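The residues making up each chain are set out below.
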Amino acid sequence: MRLSIFVGCFALAAVAVNFGLLPSGAGGSNLIWVILLALVLSAPLSYVLLRKQRDEMSEQIISTVDRTKARLEENRTREDSVTQ
């Protein structure tokens, strides 16, 4: 998803530079300039548009970590009770 947002911003920046809406790069650096513009445009868009997916992934990671911690604690207490 993030790649498609970048590609869309790249196309938009290329068209804007081609029609003179945004300044073009100096000399032969026009492609690099358009890539940088696309990065600057796509970063905040990705942050806002992908918030729901990021939150869902965070919840999955947190639940996995909590289950792992619980299993480790259970194993630790089981080992303590066997040695005593």
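That block above? That's the structure.
What this report covers is the structure whose coordinates are included nearby.

Procedures and definitions
Residues numbered from 1 in each chain as written. Predicted model: local features only at pLDDT ≥ 70, side-chain atom pairs only at ≥ 80, totals over all residues. Heavy atoms only, no water. Helix = DSSP H or I, 4+ residues; strand = E, 2+ residues; numbered from the N terminus. Rg over C-alpha atoms; globule rule 2.2 N^0.38 Å. Buried < 20%, exposed > 50% of the residue type's maximum accessible area, 1.4 Å probe, protein only. Lys, Arg positive; Asp, Glu negative; His and termini not counted. Charge placed at Lys NZ, Arg CZ, Asp CG, Glu CD. Expected span 1.5 Å × (residues − 1). Contact = heavy atoms within 4.5 Å. Bend = angle between axes of the 7 residues up to and from the residue. Salt bridge = Lys/Arg side-chain N within 4 Å of Asp/Glu carboxyl O.

1. Focus: the overall build of the protein
Within the protein one finds 3 helices and 0 strands. Helices (α) and strands (β) of the protein occur, in sequence order from the N terminus, as α-α-α. The globule rule puts the C-alpha radius of gyration for 84 residues at 12 Å, and the 24 Å found for the protein is more than 25% above it. With respect to the principal axes defined by its C-alpha atoms, the protein has extents near 80 × 25 × 15 Å. Considering the protein as a whole, with its 84 residues, one finds that 14% of them fall into the buried category. Computing the positive centroid from 9 side-chain charges and the negative centroid from 8, the protein places the two 8 Å apart.

2. Regarding the side chain of Ser42
Relative to the elements of secondary structure, Ser42 occurs in helix 2 (residues 30–49). In this structure Ser42 comes out as buried when scored by relative accessible area, which is 7%.

3. Thoughts on helix 1 (residues 2–18)
For helix 1, spanning 17 residues, the distance from its first C-alpha to its last is 24 Å, which sits close to the expected 24 Å at 1.5 Å a residue. Against helix 2 lie the buried residues of helix 1. Phi turns positive, to about 85 degrees, at Gly20, one or two residues after helix 1.

4. Details of helix 2
Its 20 residues give helix 2 an end-to-end C-alpha distance of 28 Å, which sits within 8% of 28 Å, the value for a rise of 1.5 Å per residue. The largest bend along helix 2 reaches roughly 25 degrees and is located at Ser42, with the proline Pro44 sitting one to four residues downstream. Of the positions making up helix 2, those classed as buried are Val34, Leu37, Ala38, Ser42 and Ser46.

5. With respect to the pattern of salt bridges
Counted under the stated rule, the structure contains 1 salt bridge. Of the charged contacts, one joins Glu73 and Arg76 as a salt bridge, the two residues approaching to 2.5 Å between their closest N and O atoms. With Glu73 and Arg76 both in helix 3 (residues 51–83) and 3 residues apart, this pair spans about one turn of that helix. Note on Glu73: relative accessible area 37%, which makes it partly exposed. Residue class for Arg76 comes out partly exposed when judged on its relative accessible area of 43%.

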